[in-house]
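Structural features, examined
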Amino acid sequence: MSAQGDCDFLVKRARELVTEDPWAAKAWLITARTLYPTDFSIQYEMYIIERNAERTSSAGRLLYDIFINFPDQPVVWREITVITAALRNDSQDKHALFLKGVFETLPGQVQCQMLLKATEQCFNTLEKAEMLLLLLKRFPESVVQHGVSLGESLLEAENVEDLDTPVNCFRKLFVCDVLPLIINNMEMRLPASLLHKYMHKAAEFYIGYVTRGPGADTQIQPSPEVTGLKSPGMGRGQRYVIDGLSEKSSVVTEPWERLLEIVGVVGARCEWQGEKGSRTYTELLQRVKELCRYLPGLEGETLSRCCSQIVTCSTLVLFRSAHHYISTVQPSLFQGHNALGVTPWVLLEDLSSVFNDVEMDRSSGKHAHKKRKLADGREKPMSSDDEDALGKGRGRHILVNKVEMPGWAETLEHFRTARESWDLLHSHDALESEFNKICMAWKTESWLWFRIFLTDMIIYQGHYRKALSSLVQLSALQPQQNQNSLSATSNLETHRALIQQASCHYALGEHRLACEKVLEVVSGLVPQNQEPVKPSEEQGRVRNKPRKGNDLRLIPCTSKDVLPFCLQLMLACFKLRAFSDSGRDDLALGHVIVLLQHDWPQGEALFLKAVDRICEQGSFQYENFFNYVTNIDMLEEFAYLRTTEGGRVQLELLPNQGMLIKHHTVTRGITKGVKEDFRLAMERQVSRCGENLLNVLHRFCINEKIILIQSLP
């Protein structure tokens, strides 16, 4: 029998005995190895027996022998591939843990060689990178030799694949796993340009990760093991799988904090001014604000390094704060419309002073109101909105209901910080140039959430014409939604831009355009049931100092909040025309009276001004009066105007009443009939005082849309 035949016989005999008498099988193989020490099949069979029996130490020794003595055997590499796959996975499977244990028994140098050679066997870029990353993590000294090349290969693979998002498997592996190993290895001397490139790649990934919409990649139901993520946009019931990675590998915890750590390390290595490693984002902004003061006196390399520090830090603070603000203002961009508690907010002109800017001085010779309580200076119900709103004595106040927005202080502070960062980036030509380069590279013009922030910032700055252009651009970026599945909230969210356009047109004095936009919004609203304000609640509210009239207000995009704003805006538009000194306009005055019913008695003073105007005229014609005026105080006041004590004002409030009175065949009987019709109409109107006022005013806006728009110049 030949030597090979003897080896095959001995291996076959050992296999036959394994199940019946494993020790006998082992003895046969030991004998065979003694006789034929260079035969691969004998040693591999010995390893297989020990592996199947899950004897870690002996299996490890035998694996070491066959790796050293037979490194070119394909079957050996298949076995090593299985082991390295177990090493790359976090599986707690019993067999996987055994394979990891076998690998741990090998000497460190052999482990390093095995991983290097296993890497050479990989043809898939991602698999090869994961294998090499395993080597770098186990043997940090290898980072110097392989770290940068691994990072560049991942970035090159991303370019070759021509992926349309930085949130991909190659960038994730580079940013979250490879980059920390590179920048924290002090033995590596890397040029500042390369460090900046890597830092910007990391920033683009993390920002893209936290701001991805709910439709990105594949959504997964949250599992208990990944909870408590601090960053807005994640950790709120939305999780994703990045193409090419497992579910667990796709999760990135604390992305903003990780990015801050990278900035700290890179800043220290690039010798940034005042960089002490890990900071808060607030401290980053404070530091670069101080540096900006020295920019005019710098030049050359110092200027370049200083600009790079300012732009990088300010840009990250800008995007982080803008993202936090938009996470509150339009959360569905990151959570989806079906998430619980998702209510968008909209930044608008504050119109709360629309009732108050009326000249209250009245001479004794003016009309004596029957409703004396209306003329008395009663204490009016105040707004629960916060007056200070973190204005800190500068710029415009942003008013917000603290009850409806629990995190109002943080939200407004992030908005202020983002604006401050933006101003800093545009305070110097060199800074603005570098910032624009980053925006072009990251394609920020396609970031809907950031465009919304910029629009709100422009509105805050009072650049309303520019804001209108931005709102038009936003509509092009806004994703088209299935109209069949729109909820009331998401439907209002689609009107968000229209509401802001109306607010901007009003601020520009373009009242007709403002009214058109508002009425378009109102047509899509469903009025809520009116909830009367309790007297105890009214007394518990506090009036702060009068506002200047250029404040802004954040309101929720709900019918309950948007409809009152629309009514206030229309009142503000018609009020100026109704009380103009240029001439009489009964139609505008009638519209004002109808609209003043909302939020009564806030508009008492303005209503009394309207009554005075009517008394001065001696007559008033508004044929829609009985269709839409149901306020008992107003009805009593108009009934009083018809009396001798009230001045016998000629009121034409019934449809076609004017034609009847002015007809040349008027007789006393007909006039008496008109008076009777007025009395009956007033009685019927009193019976309507219990109607839902919001329904009445909503119907007014819908039915009288054309005449309302035509009433404005």
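Residues numbered from 1 in each chain as written. Predicted model: local features only at pLDDT ≥ 70, side-chain atom pairs only at ≥ 80, totals over all residues. Heavy atoms only, no water.

1. Quick word on the overall build of the protein chain
What counts here: In this text, helices come from DSSP runs of H or I with a minimum length of four residues, and strands from runs of E with a minimum of two, each type numbered from the N-terminal end. Exposure classes here rest on a 1.4 Å probe applied to the protein chains alone. A residue is buried below 20% of its type maximum, exposed above 50%, and partly exposed in between. Any two residues having at least one pair of non-hydrogen atoms within 4.5 Å are treated as being in contact. To measure how exposed things are, a 1.4 Å probe is used in the Shrake-Rupley method; for residues, cover is taken only from the protein chains shown.
A count of helical and extended segments in the protein chain gives 34 helices and 7 strands. Counting the 713 residues in the protein chain, one finds 51% classified as buried. Counting contacts in the protein chain only where the partners sit at least 6 residues apart, residues at least 24 apart contribute 72% of the total. A total accessible area of about 34,200 Å² is found for the protein chain, and carbon and sulfur atoms account for 50% of it.

2. A look at unusual backbone geometry
Between W600 and P601 the backbone carries a cis peptide bond, its omega angle lying at 10°. Looking at where P601 falls in the secondary structure, it is placed in the loop between helix 27 (586-596) and helix 28 (604-617). Backbone geometry at E254 places phi at a positive 50°, although glycine is not the residue there. Following the sequence through the fold, E254 ends up in the loop between helix 12 (247-250) and helix 13 (255-269). The phi dihedral of E271 falls on the positive side, at around 60°, and the residue is not glycine. Locating E271 in the fold gives a position in the loop between helix 13 and helix 14 (281-292). Residue classification places E271 among the exposed positions, given a relative accessible area of 60%.

3. Some details on the pairing of strand 3 (residues 345-349)
Put simply, the rule reads: For two strands to be treated as a pair, DSSP must find at least two bridges joining them.
Buried residues dominate strand 3, accounting for 5 of its 5 residues. The pairing of strand 3 with strand 5 (residues 552-556) spans 5 bridges and is classified as antiparallel. For L348, the partnering residue across the bridge sits in strand 5 and is R553.

4. Concerning the confidence of the model for the protein chain
Formally: Per-residue confidence from the predictor is reported as pLDDT, a score between 0 and 100.
Confidence in the prediction of the protein chain, expressed as mean pLDDT, is 77, and 75% of residues score 70 or more. Model confidence for the protein chain, summarised as mean pLDDT per element, is weakest for helix 25 (residues 535-539) at 36 and strongest for helix 11 (residues 192-210) at 94. Of the regions scoring below 50 in pLDDT, residues 358-368 engages in 18 contacts with residues more than four places distant in sequence or in other chains. This model gives residues 658-670 a pLDDT under 50, and the stretch forms 10 contacts once residues within four places in sequence are excluded.

5. Observations regarding the nonpolar core
Where we set the bar: For our purposes a nonpolar core is just a set of buried Ala, Val, Leu, Ile, Met, Phe, Trp, Tyr and Cys residues, chained together by side-chain atoms within 4.5 Å.
Ranked by internal contacts, the top residues of the largest apolar core, which has 136 residues, are Y47, L318, F319, W449, F450, F453 and L554. Contact partners of L318, with chain neighbours within four places excluded, come to A418, S421, W422, L425, F435, F450 and F453.

6. So, the sheet that holds strand 4 (residues 398-400)
For the record, the criterion: Only C-alpha atoms enter the line fits that serve as axes; for helices the fit covers just the stretch in contact. Angles between N-to-C directions range over 0 to 180 degrees.
One open sheet accounts for 3 strands, arranged 3-5-4; its pairing is mixed. Two strands bound the open sheet, and with one partner strand each, they are strand 3 and strand 4. Between one strand axis and the next, the sheet turns by 30° as a mean value, whatever way the strands run. Bridge count for strand 4 against strand 5 is 3 bridges, and the pairing is parallel. Paired with I398 across the bridge in strand 5 is L552. Its contacts with the sheet put helix 18 (residues 408-425) on strand 3, strand 4 and strand 5, and the angle it makes with strand 4 is roughly 160°.

7. Quick notes on the side chain of E652
Counted only if it meets this: Under the rule applied, a polar contact is a pair of N or O atoms within 3.5 Å (in protein, one hydrogen donor and one hydrogen acceptor; residues adjacent in sequence only if both atoms are side-chain atoms).
With respect to the secondary-structure elements, E652 resides in strand 7 (residues 650-652). Reaching out from E652, the side chain makes a polar contact with the side chain of Q650 at a distance of 3.1 Å.

8. Quick word on helix 30 (residues 632-641)
Across the 10 residues of helix 30, 7 count as buried, placing the element largely inside the fold. Regarding helix 30, the residues found buried are D633, M634, L635, E637, F638, Y640 and L641. You can read the cap of helix 30 off the contacts: a side-chain oxygen lies 2.9 Å from the backbone nitrogen of D633, and it is on N631.

9. Some details on the packing of aromatic side chains
Each pair of aromatic rings is reported with the distance of its centres and the angle of its planes. Selection rule: Here is the rule: rings of Phe, Tyr and Trp (six-membered ring for Trp) pair when centre to centre is within 6.5 Å. Planes less than 30 degrees apart are stacked, more than 60 are edge-to-face, and the remainder are tilted. Charge over a ring is defined by NZ of Lys or CZ of Arg lying within 6 Å of the ring centre and within 35 degrees of the ring normal.
According to the stated counting rule, one finds 25 aromatic pairs in the structure shown. An angle of 25° between the planes, with centres 6.4 Å apart, marks the rings of F620 and Y622 as stacked. Through a chain of ring-to-ring contacts, the aromatic side chains of F319, Y325, F415, W422, F435, W442, W447, W449, F450, F453 and Y460 assemble into a single cluster. Taking NZ or CZ as reference, R419 lies 3.7 Å from the ring centre of Y460, over its face.

10. A closer look at the pattern of salt bridges
Worth spelling out the cut-off: Salt bridge criterion: a side-chain nitrogen from Lys or Arg within 4 Å of a carboxyl oxygen from Asp or Glu.
As enumerated under the stated definition, the model contains 18 salt bridges in all. With a shortest N-O distance of 3.2 Å, E349 and R396 are connected by a salt bridge. A residue pair is termed long-range when its members are at least 10 positions apart, and E349 in strand 3 and R396 in the loop between helix 17 (372-375) and strand 4 qualify at 47 residues. Comparing E349 with R396 shows no difference in burial state: the two are buried. E691 serves as the salt-bridge partner of R699, at 3.8 Å between the closest nitrogen and oxygen. Among the charged side chains, a network of salt bridges with common partners joins K289, E413, R416 and E420.

11. Here's the deal with the packing of helix 20 (residues 448-461) against helix 21 (residues 464-477)
As a reminder of what qualifies: Oblique is the label for any angle not under 35 degrees, not over 145, and not in the 65 to 115 range, which are roughly parallel, roughly antiparallel and roughly perpendicular in turn. Rotating anticlockwise by less than a right angle from the far helix to the near helix defines a left-handed crossing, while the corresponding clockwise rotation defines a right-handed one. Residue type decides the class: Asp, Glu, Lys and Arg count as charged, Ala, Val, Leu, Ile, Met, Phe, Trp, Tyr, Cys and Pro as nonpolar, and the leftover types, Gly among them, as polar.
With their axes 9 Å apart at the nearest point, helix 20 and helix 21 run at an angle of 165° to one another. Comparing the axis directions of helix 20 and helix 21 gives the class roughly antiparallel. As helix 20 runs across helix 21, the sense of the crossing is left-handed. The residues of helix 21 that touch helix 20, namely those facing L448, R451, I452, T455, I458 and I459, are Y464, K466, A467, S470, L471, Q473, L474 and L477. Among the residues making up the contact of helix 20 with helix 21, the classes are represented as 9 nonpolar, 3 polar and 2 charged.

12. Some thoughts on the packing of helix 23 (residues 496-507) against helix 26 (residues 559-578)
Packing of helix 23 against helix 26 leaves a shortest axis separation of 11 Å and a crossing angle of 20°. Accordingly, the angle class assigned to the pair helix 23 and helix 26 is roughly parallel. Crossing of helix 23 over helix 26 shows left-handed handedness. For the pair formed by helix 23 and helix 26, the contact residues are I499, A502, S503 and Y506 on the first element and V562, F565, L569, A572 and C573 on the second.

13. Regarding the environment of L576
Within the secondary structure, L576 sits in helix 26. Counting along the chain gives 16 residues from L576 to V592, while the straight-line C-alpha distance between them is 9.7 Å.

14. Quick look at helix 9 (residues 143-161)
What counts here: One fewer than the residue count of a helix, multiplied by 1.5 Å, yields its expected span. As used here, the arc is the angular range of directions from the helix axis to the C-beta atoms.
Under the 1.5 Å per step criterion, the end-to-end length of helix 9 is 26 Å for 19 residues, consistent within 8% with the ideal 27 Å. Looking only at helix 9, the buried set comprises V143, H146, G147, L150, G151, L154, L155, A157 and E158. Along helix 9, the residues classed as buried sweep out an arc of 165° about the axis, all on the same side. Exposed residues on helix 9 whose side chains face more than 90 degrees from its buried face are Q145, N159 and V160. Taken together, the buried residues of helix 9 touch helix 7 (108-120), helix 8 (125-138), helix 10 (169-183) and helix 11. D162 lies just past helix 9 and shows a positive phi near 55°.

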